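Breakdown of the fold
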Amino acid sequence: MSFFLWVLQTLLALHTAIGAGWKLFNSEQAVPTLAALPHWVWTVLIPLELICAAGLVIPALAPSLGWLVPVAAIGIAIEMLVFSGVHLRAGTEDSGPMFYWLGVAAVCVVIALGRLFIVPL
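Right, let's walk through the structure included here. (Residues numbered from 1 in each chain as written. Predicted model: local features only at pLDDT ≥ 70, side-chain atom pairs only at ≥ 80, totals over all residues. Heavy atoms only, no water.)

1. Observations concerning the overall build of the protein chain
- On a plain count of helices and strands, the protein chain comes out with 4 helices and 0 strands.
- When its helices and strands are written in sequence order, the protein chain yields α-α-α-α.
- The C-alpha atoms of the protein chain give a radius of gyration of 15 Å, which matches the 14 Å a tight globule of 121 residues would have.
- For the C-alpha atoms alone, the extent of the protein chain along its principal axes is close to 40 × 25 × 15 Å.
- Within the protein chain, buried positions represent 39% of all 121 residues.
- In the protein chain, the proportion of contacts linking residues at least 24 apart, taken out of those at least 6 apart, comes to 66%.
- Working note: accessible area of the protein chain is about 6,700 Å², and carbon and sulfur atoms make up 78% of it. (Helix = DSSP H or I, 4+ residues; strand = E, 2+ residues; numbered from the N terminus. Rg over C-alpha atoms; globule rule 2.2 N^0.38 Å. Buried < 20%, exposed > 50% of the residue type's maximum accessible area, 1.4 Å probe, protein only. Contact = heavy atoms within 4.5 Å. Areas by Shrake-Rupley, 256 points an atom, 1.4 Å probe, with all protein chains shown as cover.)

2. Description of the packing of aromatic side chains
- For the structure on display, the rule yields 3 aromatic pairs.
- Three or more aromatic residues joined by ring pairs make a cluster, and in this case those are Trp22, Trp42, Phe83 and Trp101.
- Here lysine 23 stacks its cationic end above the ring of tryptophan 42, 5.3 Å away from the centre of that ring.
- The ring of tryptophan 6 carries the charged tip of arginine 115 above its face, separated from the ring centre by 5.0 Å. (Phe/Tyr/Trp six-rings, centres within 6.5 Å; stacked < 30°, edge-to-face > 60°. Lys NZ or Arg CZ within 6 Å of the ring centre and 35° of its normal.)

Rendered as structure tokens:
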């Protein structure tokens with residue numbers, strides 16, 4: 001189970017770091033329903049996502065920092081849930097992005113619960 005969680009953590013860290021890079025070169029206008037977010041929120045998400053991505057993998061080098069994993073996973077899940085809420089509030093017919101964000105949030109919950117209760121670091 002520990003190996004499975006490390007694989008998920010690594011993939012989520014890559015996903016989150018790539019997302020931060022994407023946000024750096026694309027505005028919130030690139031996803032129409034996220035245009036409701038102020039630009040400063042979009043800009044603040046970049047370093048927060050990079051910090052969360054690092055928090056998912058740093059415990060591989062420093063096991064005493066294992067508490068970072070559930071914190072980072074919960075942080076990413078909250079971001080995905082906020083994106084889903086903004087998407088719902090926009091009232092768009094296309095639910096694809098929301099299902100994507102909810103899927104990422106579900107992976108985050110699996111990681112957080114796994115590291116908190118099943119295989120703590």
